[in-house]
Amino acid sequence: MSGAILTASAVCKSFGAVTAASDVSVQVPEGAVYSLIGANGAGKTSFVNMVTGYVTPDTGSIRLRDREITGLTPREITRLGVHRSFQIPQLCNELTVLENMLVAQAIHGSHTPSFLKPGRSREAKDRARATLERFHVAEHADRLIPELSGGVKKLLDIAMAMAGETRIMLLDEPTSGVAADEKFPIMDLVIGALKEIGTTVIFVEHDMDVVTRYSERVLAFYAGRIIADDAPDEVLADPDVQKYVTGGAQ
Amino acid sequence: MTPALLIGGAVAATALLLAGAVLLPDWAMFLTTMALAKGLVSLGIVGMMRGGLVSFGQGLYYCIGAYVAAMISNGLGVSDIVLVTVLAVAVTGAVGAMFGPLLATYRGIFFAMLSLALSMVLYGTLAKIPAIGGTDGLNVASPTFLGWAPEGRALQTGLYLYVAAVVVIVGTVMRLHFDSERGLITLAVRENELRVEYLGASTRNAMAWNYVFAAMLGGFGGATAALALGHVDPEFAFWTTSGEFVFVAILAGWLSVPAVFVSSIILELVRSFSNLYFPNTWQIFLGGFLLAVIFLLPDGLGSLARNTLRRLRRGTKA
């Protein structure tokens, strides 16, 4: 596929006797929205971890456009524009929402953050507040992280990941731990913001309503293998997917 | 911190320290000079504490700075205080740059123990080299100030004013650094290293720089302490010396720069008077004082200003 921004070829990964990825090959076109589904332990998060450098594949290769990124550190991969959010939001609990955003800005703003340039300047704060407003969390700017709801934490986690130039965004269960009535508004907001800047999105999700509503293509994982790779309706109708992933829910 | 507050603080500190040069009796001026010099070493530890690391081995740089001062003034005949301290800072900065990247990969007790181990290696080595005085150490010649060679009260005042000027300048620069982009990233490193790495910053790099800054401050503190005392010995690198720097850093907390120097002066005062009145049990009083601060002000003396401001704001809103 000539327009692929991310290519994984024959990627394998085992943790002792547990196979997290077995010959996984994927090509994700630029600007697409993909979702990864599968039961717990199927290999979805392991795939995200391998793409973002948290885990190195045993064999196989992962390429960003023409650049090999297998074995690079998370920091190096992030610097190439591959960002991620986490199933459990990774935030700085003793900093306020605004300060968390300022940290993300300070890091993304330059390869060498300044030793003397104020991190909390009015200009930096205005930019951070603008981003928080875009994600509808500006009203919480002065609150500490433990005081926030799950939905606000998720949004802040994603907003921080998007502070830099984002070519690919990997969202690990963006709606887990979020109230049922907040799921669609959060996804509308996040996917809308990412599509607006043409970012390729790959998200891990258990809620099939979210999967069918937002993804253009679905990869179904089972025991470290991809057992289906197609449009959402096709994948959810697949007998293997119904047997191993959705349990006949669709 | 706003620029107005920063400048105001620097001006107030300068005025206070200048007043000290006139008002303080000899013994208090010496005590304050030593406290300010040691406070700089603790300020370096506070810089690392902001990133979640506590060094139990800052005696290493304090001692290197002191021995560099002793050796270049005795061996090379260099007595100018600026030159002596700049060379000491350069040497400790270089040594810090050598160990910093290695130590910055460690966290918690491992970092603390490794830093302690390095300082104790230096202690043991110095104690076993008779050429540089062994356990007796070395005497240090009195410093000169751009060719001026004062004696008595004038020498003490000159030393005091030099250290005070450096404290104001370095304190201001460190405040700017704590509030800078890097300072903010250091706070984030303490909170969540995974997040920082996934934002694209190197936690190791951030902590290595903080370590090097602390080494340079340690070198300056050691050099000026050696010049003030007129003598250095391996005890400068002993673990109890490093422990005193940590004590001051914990007492001050990570929020305030002036609190570090206030805490250092408190320690010196307590030590001096306790030694006088109950020489064998003064550490008990010191330990009790630290425990009280930890329970009542977990973020240190520096949090007093923050807590007062918060109370005032709440009062205004109500």
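Note that the structure is predicted; figures quoted are calculated from it, not measured. Each residue is numbered by its place in its chain's sequence as written, counting from 1. Working convention: letters from A go to chains and numbers from 1 go to ligands, in the order in which they are written. Only residues with pLDDT of 70 or above have their local features reported here, since the model is predicted, and side-chain atom pairs are shown and tallied only from 80 upward, although totals for entire chains, interfaces and linings are computed over all residues. Water and hydrogen atoms play no part in the side-chain values, which are based on all heavy atoms of the structure.

A.B. asks: Can you tell me about the overall build of chain B, naming the residues and giving the values?
C.D. replies: A run of DSSP states H or I qualifies as a helix once it reaches four residues; a run of E qualifies as a strand once it reaches two. Both are numbered from the N-terminal end. Broken down by element type, chain B carries 13 helices and two strands. Against the compact-globule benchmark of 20 Å for 318 residues, chain B has a radius of gyration of 19 Å, which places it among compact chains. Here chain B holds 318 residues, and the buried ones make up 55% of them. Note on contacts: a residue pair is in contact if any heavy atoms of the two residues lie within 4.5 Å. Put simply, 80% of the contacts in chain B that link residues at least 6 apart link residues at least 24 apart. Of the accessible surface of chain B, which amounts to about 13,700 Å², a share of 73% is contributed by carbon and sulfur atoms. A gap of 14 Å separates the mean positions of the 17 positive and 14 negative side-chain charges of chain B. Radius of gyration here uses only the C-alpha atoms, and the compact-globule reference equals 2.2 Å multiplied by the residue count raised to the power 0.38. Exposed residues in this analysis have more than 50% of their type's maximum accessible area, buried residues have under 20%, and partly exposed residues fall in between, with area computed by a 1.4 Å probe over protein chains only. Note on areas: Shrake-Rupley with a 1.4 Å probe; residue coverage comes only from the protein chains shown. As used throughout, the charge tally considers Lys and Arg to be positive and Asp and Glu to be negative, leaving His and the chain termini uncounted. Charge positions come from single atoms, namely NZ of Lys, CZ of Arg, CG of Asp or CD of Glu.

A.B. asks: Give a detailed account of a nonpolar patch on the surface, specifying residues and quantitative values.
C.D. replies: Residue and element names in this part refer to chain B. A cluster of nonpolar residues, Trp 27, Leu 269, Phe 273, Leu 276, Tyr 277, Phe 278 and Phe 285, forms a patch on the protein surface that exposes about 760 Å² of accessible area. Among the elements that make up the nonpolar patch, the one with the highest residue count is helix α11 (residues 258–277) (four residues). Residue position: Phe 285 is located in helix α12 (residues 282–296). Assessed through its relative accessible area of 42%, Phe 285 is described here as partly exposed. Nonpolar side chains (Val, Leu, Ile, Met, Phe, Trp, Tyr) are joined into patches within 5 Å and like charges within 9 Å, using only residues with over 30% relative accessible area and no salt bridge. Salt bridges are counted wherever a side-chain nitrogen of Lys or Arg sits within 4 Å of a carboxyl oxygen of Asp or Glu.

A.B. asks: Could you give an account of the interface of chain A and chain B, with specific residues and numbers?
C.D. replies: Counting from both sides, the interface comprises 33 residues of chain A and, opposite them, 25 residues of chain B. Two parts lose some accessible area (1.4 Å probe) when they are put together, and adding that loss for both gives the buried area. Each partner contributes to the roughly 2,800 Å² buried at the junction of chain A and chain B, and carbon and sulfur atoms together form 63% of this total. Its largest share of buried area at the contact with chain B, chain A owes to A:Arg75, A:Ile107 and A:Phe115, together 25% of the area lost on that side. Linking chain A to chain B there are four salt bridges. One salt bridge connects B:Asp179 with A:Arg120, and the closest N-O pair in it is separated by 4.0 Å.

A.B. asks: Pulling in residues and values, what's your account of the pairing of strand β1 (residues 4–15) of chain A?
C.D. replies: Residue and element names in this part refer to chain A. Two strands pair when backbone bridges link them, and β1 and strand β2 (residues 18–29) are joined in this way by eight bridges, in the antiparallel orientation. Across the sheet, residue Thr 7 finds its bridge partner in β2, namely Gln 27. What sits between the antiparallel neighbours β1 and β2 is a turn of two residues, in which Gly 16 has the positive phi angle 65 degrees. Two strands form a pair only when DSSP identifies at least two bridges running between them. In the sheet, β1 pairs with strand β4 (residues 59–64) via five bridges, with the strands oriented antiparallel. Bridging across to β4, Leu 6 finds its partner in Leu 64.

A.B. asks: Please give an account of the sheet that holds strand β10 (residues 225–230) of chain A that cites residues and values.
C.D. replies: All names here are of chain A. Here six strands make up an open sheet; going across it, the order is β6-β7-β8-β3-β9-β10 and the pairing mixed. Strands with a single pairing partner mark the edges of an open sheet, and in this sheet they are β6 (82–85) and β10. Averaged over all neighbouring strand pairs, the angle between strand axes comes to 20 degrees, with direction disregarded. Packing against the sheet, helix α9 (residues 239–246) makes contact with β3 (33–37), β9 (217–222) and β10, and its axis sits at approximately 125 degrees to β10. Fitted lines through C-alpha atoms give the axes, limited to the stretch in contact for helices. The angle between two N-to-C directions lies from 0 to 180 degrees.

A.B. asks: Now, about the packing of aromatic side chains: what can you tell me, with residues and values included?
C.D. replies: Aromatic contacts are taken between Phe, Tyr and Trp rings whose centres are within 6.5 Å, Trp giving its six-membered ring; a plane angle under 30 degrees counts as stacked, one over 60 as edge-to-face, and the others as tilted. For the structure on display, the rule yields 17 aromatic pairs over all chains. Measuring from centroid to centroid gives 6.0 Å for B:Trp27 and B:Phe273, while their planes differ by 85 degrees, and the two rings are edge-to-face. Placement of the pair is B:Trp27 in helix α2 (residues 26–49) and B:Phe273 in helix α11, with a sequence separation of 246 residues. A centroid spacing of 6.2 Å and a plane angle of 45 degrees characterise the contact between B:Phe238 and B:Trp239, whose relative ring orientation is tilted. One aromatic cluster is present, built from ring pairs that chain together A:Tyr54, A:Phe86 and B:Tyr198. Distance and angle both matter: a charge sits over a ring if NZ of Lys or CZ of Arg is within 6 Å of the ring centre and within 35 degrees of the ring normal. Here the basic side chain of A:Arg84 rests over the ring of B:Tyr198, its NZ or CZ set 5.3 Å away from the ring centre. The aromatic ring of B:Phe178 is capped on one face by B:Arg50, whose charged end is 4.3 Å from the ring centroid.

A.B. asks: Which residues make up unusual backbone geometry, and what values go with them?
C.D. replies: Negative phi is the rule for most residues except glycine; trans is the rule for most peptide bonds. Residue and element names in this part refer to chain A. We note that His 136 has phi near 60 degrees; this positive angle belongs to a residue other than glycine. Within the element layout of this structure, His 136 appears in the loop between α4 (122–134) and α5 (150–161). His 136 gets classed as exposed once you look at its relative accessible area, which sits at 55%. The backbone of Ala 223 shows a phi angle near 50 degrees, a positive value even though the residue is not glycine. In this fold, Ala 223 is placed in the loop between β9 and β10.

A.B. asks: Could you give me a rundown of the pattern of salt bridges, with the residues and numbers involved?
C.D. replies: Counted under the stated rule, the structure contains 21 salt bridges over all chains. Across the pair A:Arg75 and B:Glu197 runs a salt bridge, and its minimum N-O distance is 2.9 Å. Taken together, the residues span two chains, with A:Arg75 in helix α2 (residues 74–79) and B:Glu197 in helix α8 (residues 193–199). A single network of salt bridges, built from pairs that share partners, joins A:Glu99, A:Arg120, B:Arg175 and B:Asp179.

A.B. asks: How would you explain the nonpolar core if you had to name every residue and give the values?
C.D. replies: Membership of the largest hydrophobic core comes to 139 residues, with the highest contact counts inside it found for B:Leu43 and B:Val232. For this core, the element with the most residues is helix α9 (residues 203–229) of chain B, which contributes 13 residues. Leaving out residues up to four positions away in the same chain, B:Leu43 has contacts with B:Val170, B:Met174, B:Phe178, B:Leu217, B:Val257, B:Val260 and B:Phe261. Take the buried residues of types Ala, Val, Leu, Ile, Met, Phe, Trp, Tyr and Cys, join any two whose side-chain atoms come within 4.5 Å, and each joined set is a nonpolar core. Among the nonpolar cores identified, the runner-up in size contains 30 residues, and A:Ile5, A:Leu6, A:Ala21 and A:Val28 belong to it.

A.B. asks: Give me the pairing of β9(A): which residues, what numbers.
C.D. replies: Residues and elements named next belong to chain A. Of the strand pairs in this sheet, β3 and β9 are connected by four bridges, and their pairing is parallel. Among the inter-strand pairings, Ser 35 is bridged to a residue of β9, identified as Val 218. Across five bridges, β9 lies against β10 in antiparallel orientation. Within the sheet, the bridge partner assigned to Val 218 lies in β10 and is Asp 230. Two successive antiparallel strands, β9 and β10, enclose a turn made up of two residues, where Ala 223 displays a positive phi of approximately 50 degrees.

A.B. asks: Could you give me a rundown of the confidence of the model for chain B, with the residues and numbers involved?
C.D. replies: Confidence of the prediction at every residue is given by pLDDT, a number between 0 and 100. Considering every residue of chain B, the mean pLDDT works out to 93; 99% of them sit at 70 or more. With a pTM of 0.91, the predicted complex shows an ipTM of 0.89.

A.B. asks: For the side chain of A:Asn100, give the residues involved together with the corresponding values.
C.D. replies: Residues and elements named next belong to chain A. With respect to the helices and strands, Asn 100 occurs in helix α3 (residues 97–109). N or O atoms closer than or at 3.5 Å make up a polar contact, with two conditions inside protein: a donor-capable atom paired with an acceptor-capable one, and, for residues adjacent in sequence, both atoms drawn from side chains. Among the polar contacts listed, one links the side chain of Asn 100 to the backbone nitrogen of Cys 92, at a separation of 2.9 Å. Contact partners of Asn 100, with chain neighbours within four places excluded, come to Leu 91, Cys 92, Leu 95, Ile 145, Leu 156 and Met 160.

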